[in-house]
Each structure stands twice: as structure tokens, then as C-alpha cells.
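Summary of structural features
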Protein chains: 2
Amino acid sequence: MSRFLDKRYYKLAPYVPGEQPQDKKYIKLNTNESPFEPSPKVVKALNSEEVKKLYLYNDPTALDLRKTIAEYYGVKAENVAVGNGSDEILAFAFNAFCGKDTPMVCPKVSYGFYPVFCEMFSLPYVAVDMKEDLSIDVGKFYDADGNVTIANPNAQTGTLLDVNEIEKLLRRKKDNVVIVDEAYIDFGGESCLPLIKMYDNLLVVRTFSKSRNMAGARLGYAIGSKGIIEDVEKMKYSFNPYNVNRLTQLAGIEAIKDDDYFKFCTNYIKDVREYTVNKLSELGCEIVPSKANFILVKLNGTDGENLYKKLKNEGILVRFLSDAQLKDYVRITIGKREMTDILVAKIKEIKRGLL
Amino acid sequence: MSRFLDKRYYKLAPYVPGEQPQDKKYIKLNTNESPFEPSPKVVKALNSEEVKKLYLYNDPTALDLRKTIAEYYGVKAENVAVGNGSDEILAFAFNAFCGKDTPMVCPKVSYGFYPVFCEMFSLPYVAVDMKEDLSIDVGKFYDADGNVTIANPNAQTGTLLDVNEIEKLLRRKKDNVVIVDEAYIDFGGESCLPLIKMYDNLLVVRTFSKSRNMAGARLGYAIGSKGIIEDVEKMKYSFNPYNVNRLTQLAGIEAIKDDDYFKFCTNYIKDVREYTVNKLSELGCEIVPSKANFILVKLNGTDGENLYKKLKNEGILVRFLSDAQLKDYVRITIGKREMTDILVAKIKEIKRGLL
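Residues numbered from 1 in each chain as written. Chains lettered and ligands numbered in written order. Predicted model: local features only at pLDDT ≥ 70, side-chain atom pairs only at ≥ 80, totals over all residues. Heavy atoms only, no water.

**As for the relation of the copies chain A and chain B**
The operation linking the two copies of the chain is a rotation about an axis combined with a translation along the axis. For the record, the criterion: The fit set for superposing copies consists of C-alpha atoms from residues with pLDDT of at least 70 in both; the fit itself is least squares.
Note on the copies: chain A fits chain B at an RMSD of 0.0 Å, the axial shift is 0.0 Å, and the rotation between them is 180 degrees. A rotation of that kind, with that shift, is consistent with a two-fold axis.

**Here's the deal with the pattern of salt bridges**
Inclusion rule: Each reported salt bridge corresponds to a side-chain nitrogen of Lys or Arg within 4 Å of a carboxyl oxygen of Asp or Glu. A run of H or I in DSSP counts as a helix once it spans at least four residues, and a run of E counts as a strand once it spans at least two, with each numbered from the N terminus. Each residue is assigned to one of three classes by its accessible area relative to the maximum for its type, calculated with a 1.4 Å probe on protein chains only: buried under 20%, partly exposed between the two thresholds, exposed over 50%.
Inspection of every chain in the model, using the stated rule, returns 45 salt bridges over all chains. Across the salt bridge formed by D101(A) and K7(B), the nearest N and O atoms sit 3.7 Å from each other. Separated into two different chains, D101(A) in the loop between α4 (86-97) and β3 (104-107) and K7(B) in the segment before β1 (27-28) make up a pair that spans both. Assessed through its relative accessible area of 53%, K7(B) is described here as exposed. Across the salt bridge formed by D259(B) and K263(B), the nearest N and O atoms sit 2.8 Å from each other. A residue pair is termed a helical-turn pair when its members lie 3 or 4 positions apart in one helix, as D259(B) and K263(B) do in helix α9 (residues 259-282) at 4 residues.

**Re the packing of aromatic side chains**
All names here are of chain A. Where we set the bar: Pairing of aromatic rings covers Phe, Tyr and Trp, the last counted by its six-membered ring, and requires centre-to-centre distances within 6.5 Å; plane angles under 30 degrees mean stacked, over 60 mean edge-to-face, and any other angle means tilted.
Following the criterion strictly, the structure yields 36 aromatic pairs over all chains and no others. Ring geometry for F36 and Y268: centres 4.9 Å apart, planes at 85 degrees, overall edge-to-face. Here the residue F36 occupies a position in the loop between β1 (27-28) and α1 (40-45), and Y268 occupies one in helix α9 (residues 259-282), the gap between them amounting to 232 residues. A residue is classified by how much of its surface remains accessible, and Y268, at 21% relative accessible area, is partly exposed. With 4.4 Å between their ring centres and 35 degrees between their planes, Y57 and Y242 make a pair best called tilted. One end of the pair, Y57, is in the loop between α2 (48-52) and α3 (63-73); the other, Y242, is in the loop between α7 (226-237) and α8 (246-257), and 185 residues separate them in sequence. The same class applies to Y57 as to Y242, namely buried. Among the aromatic side chains, those forming a connected cluster through ring pairs are Y15, F94, Y111, F113, Y114 and F117.

**Section: the environment of K291(B)**
Residues and elements named next belong to chain B. Heads up, the rule is: We call two residues in contact whenever any of their non-hydrogen atoms come within 4.5 Å of each other.
Relative to the elements of secondary structure, K291 occurs in the loop between β9 (286-287) and β10 (294-298). You can call K291 partly exposed: its relative accessible area is 35%. The sequence separation of K291 and I69 amounts to 222 residues, and the corresponding C-alpha distance is 23 Å. Beyond its immediate stretch of four places on either side in the chain, K291 contacts P153, G158, L160, Y184, F187, G188, G189 and R273.

**Considerations on the pairing of strand β10 (residues 294-298) of chain A**
Residues and elements named next belong to chain A. What counts, and what does not: The pairing criterion is simple: DSSP has to find at least two bridges between the two strands.
Of all 5 residues that make up β10, 5 are buried, and the element is covered over most of its length. Residues F294, L296 and K298 point to one face of β10 and I295 and V297 to the other, with burial holding for every one of them. Relative to β10, strand β9 (residues 286-287) runs antiparallel, the two sharing 2 bridges. Opposite E286, over in β10, you have K298 as the bridge partner. Hairpin geometry of β9 and β10 is characterised by an intervening segment of 6 residues between the two adjacent antiparallel strands. Direction of pairing for β10 relative to strand β12 (residues 329-333): antiparallel, over a ladder of 5 bridges. For I295, the partnering residue across the bridge sits in β12 and is I332.

**What about the packing of α3(A) against α8(A)?**
All names here are of chain A. The condition that has to hold: Helix axes are fitted to C-alpha atoms over the stretch in contact, other axes to C-alpha atoms as well, and angles between N-to-C directions run from 0 to 180 degrees. Orientation is classified from the angle alone, with under 35 degrees giving roughly parallel, over 145 giving roughly antiparallel, 65 to 115 giving roughly perpendicular, and any other angle giving oblique. Here a crossing is taken to be left-handed if its near helix is turned anticlockwise relative to the far helix by less than a right angle, and right-handed if that turn runs clockwise. Asp, Glu, Lys and Arg are counted as charged, while Ala, Val, Leu, Ile, Met, Phe, Trp, Tyr, Cys and Pro are counted as nonpolar; the rest, among them Gly, fall into the polar class.
Where α3 meets α8, the closest approach of the two axes is 9 Å, and the angle between their N-to-C directions is 20 degrees. The orientation of α3 relative to α8 falls into the category roughly parallel. The handedness of the crossing between α3 and α8 is left-handed. Seen from α3, the contacting residues are D64, L65, T68, I69 and Y72; seen from α8, they are Q249, G252, I253 and I256. Considered class by class, the residues forming the contact of α3 with α8 number 5 nonpolar, 3 polar and 1 charged.

**As for unusual backbone geometry**
All names here are of chain A. A cis amide bond, omega -5 degrees, links N152 with the succeeding residue P153. The backbone phi angle of N32 is positive, close to 60 degrees, even though this residue is not glycine. Inspection of the secondary structure assignment puts N32 in the loop between β1 and α1.

**What about the interface of chain A and chain B?**
One frequent convention defines the size of an interface as the accessible area lost when the parts assemble. For the record, the criterion: A simple way to read buried area is as the amount of 1.4 Å-probe accessible surface that goes missing from two parts once joined, with both sides added. For the purposes of these results, a polar contact is taken to be a pair of N or O atoms within 3.5 Å, where, inside protein, one atom must be able to donate a hydrogen and its partner to accept one; residues adjacent in sequence count only when each atom of the pair is a side-chain atom.
Taken together, the contact pairs 87 residues of chain A with 87 residues of chain B. Approximately 7300 Å² of surface area, both sides summed, lies buried where chain A meets chain B, with 57% of it carried by carbon and sulfur atoms. Applying the counting criterion to the chain A and chain B interface returns 6 salt bridges. Two residues, D175(B) and R3(A), come together in a salt bridge whose shortest N-O distance is 2.9 Å. Remark: the boundary between chain A and chain B carries 48 residue pairs in polar contact (both at pLDDT 80 or more). Looking at the side of chain A that touches chain B, the elements with two or more residues in it are α1, α2, α4, α5 (113-120), α7 and α8 of chain A.

**Some details on the sheet that holds strand β4 (residues 125-128) of chain A**
Residues and elements named next belong to chain A. Taking strand neighbours across the sheet as the criterion, the 7 strands line up as β2-β8-β7-β6-β5-β3-β4 in an open arrangement whose pairing is mixed. Each end of this open sheet is capped by a strand with a single partner; those strands are β2 (80-83) and β4. Within the sheet, the average angular offset between the axes of one strand and its neighbour, ignoring direction, is 20 degrees. Running over the sheet, α3 touches β2, β7 (202-207) and β8 (220-224) and is turned about 125 degrees from β2. This element, helix α6 (residues 163-172), spans β5 (147-151), β6 (178-181) and β7 of the sheet and lies at about 155 degrees to β6.

This is a description of form; function is not addressed.
The following block contains the structure:
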């Protein structure tokens, strides 16, 4: 820290990203990446002719990309905003709709970035307790004062809220924005996107990092009513108008166009999730029911930190999360089936060592 | 605008980027892009093998890139922060060091984004009058209360401050941060980077958009003392840790490595700038002395807006800037020599039509 940092940031504790080792040493199941390469259409499109065009600015409006996303989801380009990852889109939305009298209300166990955004931008933040089973207690949000952000499926836990429950929330919170972070929705959950046309207070946030196999390209998007998208874009144009670079815009367009590949990849993950849950259950692990591309796993006789360390020693990276309620768990990304087999074998050995 | 936008943003007027037409209709001299493609090393490195790796997150620390930049400038990686364009780096720095009692002080005619960042993040902003000749009146910053941001060469005008003048400012403002935005320094100005080792209050901000021919890749960086860089990174990790995507990190490394190409491109621009100034002066244009890759040009008998429109009709995009002090001017990017020849021919015709 320098002697110049503004005092409002003295206590700011930044988000801690999962480990991103730059070598190939690990089976990497810690940051919910897809185990599949981007669509071959993406690889074909990002060719040397496009790289040569990098001397020209990207389109700040990202119109072709927004049109492609809009068409895919049956909305208009004016209903779509894009960002440098969904983190940026979330930061824009938190800023646009919260203020000193309007907190952001989030589940206590969820994406660790939500409270950090609030701290970073001096926005009040309210955490709502989870149910005993780690699912979201949506009724507790009805009368909370402020905007709401819910990840669905929830980050860290993978639990899914029914669209009807989201709709009830939208009605009860009609004078506030409800952000539904659907980063993991493509792995078996039902999206609340169709509600966009009925509720002007809904903002759905999505990412290309997980189900579109492009974590390293940095592309997120938001879909909502025209007015709400205008507000998000107002933030973008007041912060970083050229936020999505040329190649990523192109990659996004091609990824959306390859729907067969998208379906293949997401179906594969769903299958392997079921397979993994079965295998680990057979070993006696407790697993929180997940509709995401990860599962929260508890191995009796050890805590999460210990399990994380032991697996890391064995060449498998999983994520230990610091939330008090998750201290018994590790979060494991669903990868390829052969990764699960190695994981299960290692957990079996760890269990034996404990017995 | 939606009914949910926080009231602090009702009056926010976002930055307006220069036109970025997505067709090839124009000779594009409006947003200070390089007329040269990225280095062949960049084109070679961003191959399909790298595109295939986009399913993996980028390194949030961008360590290889920061090391490469650091080595090039004779500093350490801990002295370098990178961003999604220098706009993002500037936004981080404004946030880190300004606060309700610490304004940002900038020249009145400069990069149009500086006041927008302040408005966006509710930071006080002070504009300091220019000298008659549109150069920066650096003495006026000595006793101004707050941090200082100066673009050198200055955005919009291209005028250069001597490093000695920057050093005097650093001494006079030793308890505040002085940000020197060197987006255009590689086109003939002397950088104040060597002062980093003597002054812990200096932050130099740079971009790959202009002199490294990569506007569409989005890459900016800041160099400063360890503490000041830690503060900028604290903002990054509280906003968007994965801010520079995989391919852009790689492109940045390769661009830095190709120093011969960098020198060839920047020398070419310097030569064409001189050539353009001479040609337009012969036509009777008034030109503000510039060390950037653009020039401010006034054609007597017409104002800037009219000249901009007439050139656009003729297929040449230049930039008309809304600052009251620049209303007689257009800002013209220095491109290839043949672009200048067409530009000069068109301005000659416009002048004839006016006579």
C-alpha cells in the first residue's frame, strides 16, 4: 500500500481468484472452467487476418455480437449489454442501481465478488442467511430493503431456484432491480429469461466462461428491459467504452452460432456430474444437490481445507472456500469423465488413509 | 433510462467515443489508431493453438506480460500493472487515490474521459485553464488541492511538457499522486519514466493502442513505485481480476519483443507528421505544435465542425471535439503518407470552395 491510497479503501479486501497455475501440472477442477476447447468455429474465425486488424479499435457498441446474442434468445439488441466478463457487467449493474440509500441484498453464501463490488464502490451490502441445507431462502428477500442479486444456480453451492420462485420475487420487489446471475444456468437449470418481457426490474447476467468454453476470452452479457440495459451501458460508456476487444467479440458471435457444440458440451457435463455424484456418494461423500458444473463435496472425517491440500498434493486442484458454512466442503468442477475417475480413486485413497 | 437508475447518475454524461464505422468506407483519421498492423510476431503468436486454450482462464496476475514490460523499461514486475486498455488503468488510479476530500486536477483541454471518471465514481474534479496557445500551464497545478493527471503529450492538442517541468510538479505535489498519461509519448516526446525511481508519487500510464498498433486488443499499463502499483492492483482485484484476456496478454508480450518494428512504425509516423504539418501549413492551415500521432488543424474561413463534415463527405474521417477552445479545429490522426496526400488534396479543394 502507498501513502496515497484513499482512506475509504484501507479495509477493502479484494476478491481472491482461484489458483490459475500457468503450467500443466494439475488436473484443474478449481475454477469451473469447461474441459472442452472453444467451438471449432471460434478457432476458425480467430485467424491471422483478424489478428492483423487489431490495429483498429473494436466496435464500442459491439453491435454484431449483441445482435447475435439477442437473436439467439429471442430479444432485441437493445435488450443486451456485453462486458469484459460477467464480473464487469455485475460491477456496472451494482453501480447503476445501488446507492447510499439502496443496498444490494445477496445470499450469504454465493459468489464472493458481490460484497467486494459493494465495498469497492461504497455501496451498502446486506447478506441474507441461507437455509440449513445451504439453499437460498428466497422468502427472506421479499421485504429486504434494496436491490437483489441471486446467482441461479447459486455460486459455490450449485443449488437451483425454481423460475416460479424468481417470478414471485420479481413481483414482491417490483420497485427494485432483481439481478439473476445465470453463470451456471446452462448445466440443467431453467432460465428466467422469458420473464424479461413481463418484468422491467429483471436483469439476467450470463457468461461465456463456463458453458461456452471461453473463460480466457473474457465475455459476459446482460439481458433485460430496454431501460435497464441503457443504464448498464451508461456505466460502460462512463468507464470503458471499448471494453470487449475485437477477437472476443468475434469469438462470442461464433460460439453462439455453434449450438450443436454448445449442446454437446453442456450435456456431457450434466452426464459426468451425475456420474461423479454417484461415484462419490458410493464412497460415502455428502454432496449438495447441484445444477451447476461443479459440486460441493464433504468427506466425513476431514474438513475442506485438509481435503483440498491432500488432493493438491496428489495433483488435483479443487477449491476450498473460506465461508464459515462451507468449511467442511471442497468445490469440485465437473470435468471430463476420466478426470472424475482419477479424482474418485484419489479420494478413495485419502479415505483409506483416514480410516 | 429505467426507473431504477440511482439518482447520482441522472446527470452523468458518458464519454463519447470517436466514430468507429465497421465498414471500410472511410480513410480513418479520427481516433489516433496506428495505420500499421500489429507486429508479425503478434500475428504469429496468436495462432489456433492459443485460441484453443481460451477455455482456460487467463493468468489474473498477467505475470509474464508484466515481466516483459518491466524488463523493457528497466523496472521490476512489481512496478507494473496492466489493464483492459489504459482507460481501465486510469479509472482504477482515479478511484484509488481520489476521494471526497481529494479531487483530481486536470488540464481543461485534455482527454475527455478524465472528468467522466470523476463523475462516474463521485470524485471531485478540478479543471485548470490552458495557456493561450493551448499548452498546459503547469505552474497552475503547483498549489491546486488534490491529485493531478496530465496527458503528455496532451490529448486533443499534442503539446509536450518537458520532463523538467514534470519533475518540478512532482516535487511541488509530493504529497499527492501525479499521473502522467503517456499514451502518445512514443511519437517524439521524452518520457518521465526514469523519474519513477526518485518519486514515489508518480504513476505513468501507457497504452498499446497507438504506438504498438493494437487499439483493438485493449491493453494498457501503468508503471510506478511498488506501493502505488499495489493500490492500482487492489482496485483491479476488487473489480475484475481477469481483466486482460489470454490473447491480449500474449499479444502484449510479442509486441514489446519486436522493438525494431516498434521503432520503424513510430519513426514513420514522426516523419509523416512533419510532412503533413508542412503540407497543411503551405495551404495556410494553423497547426498546434504536436509530439503525438495527431495534429490539431485550423483552416481559416471555416470552423472545426464544418471542416469535419466536409471531409466526412469526401470520405475522410477526422475528429471534431466539442471543447469550446477547440471549436475552430479538427483533430487529424497521422496515418500513412498516401493518406496525407489525399487529405491535403481534399482540404485544398475545400479551401478553394470557400474562397
